[in-house]
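Remarks on the overall topology
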Amino acid sequence: MRERFFQNVYELVEKIPPGSVATYGQIALMLGHPRSARAVGFAMSGAPKERGLPCHRVLNQRGELSPEHVFGGRGVQRMLLEAEGISFLRDGRVDLRRHLWKPCV
DNA sequence: CGAATGACAATCT
DNA sequence: TAGATTGCCATTC
């Protein structure tokens with residue numbers, strides 16, 4: 001099944017170290033799907049947060065997370081990332097240049 | 001089986 | 001450079 005894609009996404013997201021954030025395109029590219037950023041997001045739509053899946057560390061290319069209502073409240077992701085050590089811009093966006101996850105490390 | 005949706009990205013104007 | 005549009009992949013109806 002293509003669910004393997006889902007599994008891969010979960011595994012990869014789980015591998016994101018604290019203090020770092022990854023974009024959907026970045027994850028998709030790691031999985032070998034340079035154009036499946038949407039699929040990655042969809043995978044998260046059903047991502048069991050109870051699994052410990054740091055979906056709040058997954059952002060879009062804009063440096064902003066998906067609709068806050070997904071996390072259960074607005075401003076929650078900002079607090080979570082902030083607790084991880086993520087720097088937020090005045091725009092309410094994360095500094096990707098500073099926290100974009102680097103698999104090289 | 002076919003069409004529509006979705007937490008995006010890239011490209012074109 | 002900014003804004004708008006199309007395309008892609010996988011899932012669900």
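The rules behind these values
Residues numbered from 1 in each chain as written. Chains lettered and ligands numbered in written order. Predicted model: local features only at pLDDT ≥ 70, side-chain atom pairs only at ≥ 80, totals over all residues. Heavy atoms only, no water. Helix = DSSP H or I, 4+ residues; strand = E, 2+ residues; numbered from the N terminus. Rg over C-alpha atoms; globule rule 2.2 N^0.38 Å. Areas by Shrake-Rupley, 256 points an atom, 1.4 Å probe, with all protein chains shown as cover. Lys, Arg positive; Asp, Glu negative; His and termini not counted. Charge placed at Lys NZ, Arg CZ, Asp CG, Glu CD. Buried < 20%, exposed > 50% of the residue type's maximum accessible area, 1.4 Å probe, protein only. Arc of directions from axis to C-beta. Near = heavy atom within 4 Å. Polar contact = N/O pair within 3.5 Å; in protein donor to acceptor, adjacent residues only side chain to side chain. Nonpolar A, V, L, I, M, F, W, Y, C, P; charged D, E, K, R; others polar. Contact = heavy atoms within 4.5 Å. Core = buried A, V, L, I, M, F, W, Y, C linked by side-chain atoms within 4.5 Å.

Turning to the overall build of chain A, a few remarks are in order. Looking only at helices and strands, chain A has five helices and two strands in total. Secondary structure elements of chain A occur, N-terminal to C-terminal, as α-β-α-α-β-α-α. A compact globule built from 105 residues should have a C-alpha radius of gyration of about 13 Å, and chain A, at 13 Å, falls within 12% of that. Along the three orthogonal principal directions, the C-alpha set of chain A runs to about 40 × 30 × 20 Å. Total accessible area computed for chain A in this model is approximately 7,100 Å², and 49% of it derives from carbon and sulfur atoms. Between the mean site of the 16 positive side-chain charges and the mean site of the 10 negative ones, chain A shows a separation of 6 Å.

Buried within helix H3 (residues 37-45) are the following residues: Val40, Ala43 and Met44. Taken end-on, H3 shows its buried residues confined to a sector of 100 degrees, consistent with a single buried face. Away from its buried face, by an angle of more than 90 degrees, H3 presents the exposed residues Arg38, Phe42 and Ser45.

Quick look at the protein's contact with DNA strand B now. Neighbouring DNA strand B are 17 residues, the closest being Arg38, Met44, Ser45, Gln61 and Ser66. Atoms of DNA strand B within 4 Å of the protein belong to the sugar or the phosphate in 39% of instances, the rest to bases. Gly41 has a polar backbone atom sitting 3.5 Å from a base nitrogen of DNA strand B. Gln61 has a polar backbone atom sitting 2.8 Å from a phosphate oxygen of DNA strand B. Mapped by element, the contributors of at least two residues to the surface near DNA strand B are helix H2 (24-31) and H3. Each residue belonging to the surface near DNA strand B can be placed in one class, and the counts come to nine nonpolar, seven polar and one charged.

The next point concerns the environment of Arg57. Following the sequence through the fold, Arg57 ends up in the loop between H3 and strand S2 (58-59). Setting aside residues up to four positions removed in sequence, Arg57 forms contacts with Ile16, Pro17, Pro18, Ser20, Val21, Ala22, Leu81 and Glu84.

Here the focus is the nonpolar core. Judged by nonpolar contacts, the single largest core of 26 residues is most densely connected at Val9, Val13, Ile27 and Met44. Those elements giving two or more residues to this core turn out to be helix H1 (3-15), H2, H3 and S2. A per-element tally of this core places H1 first, with five residues.

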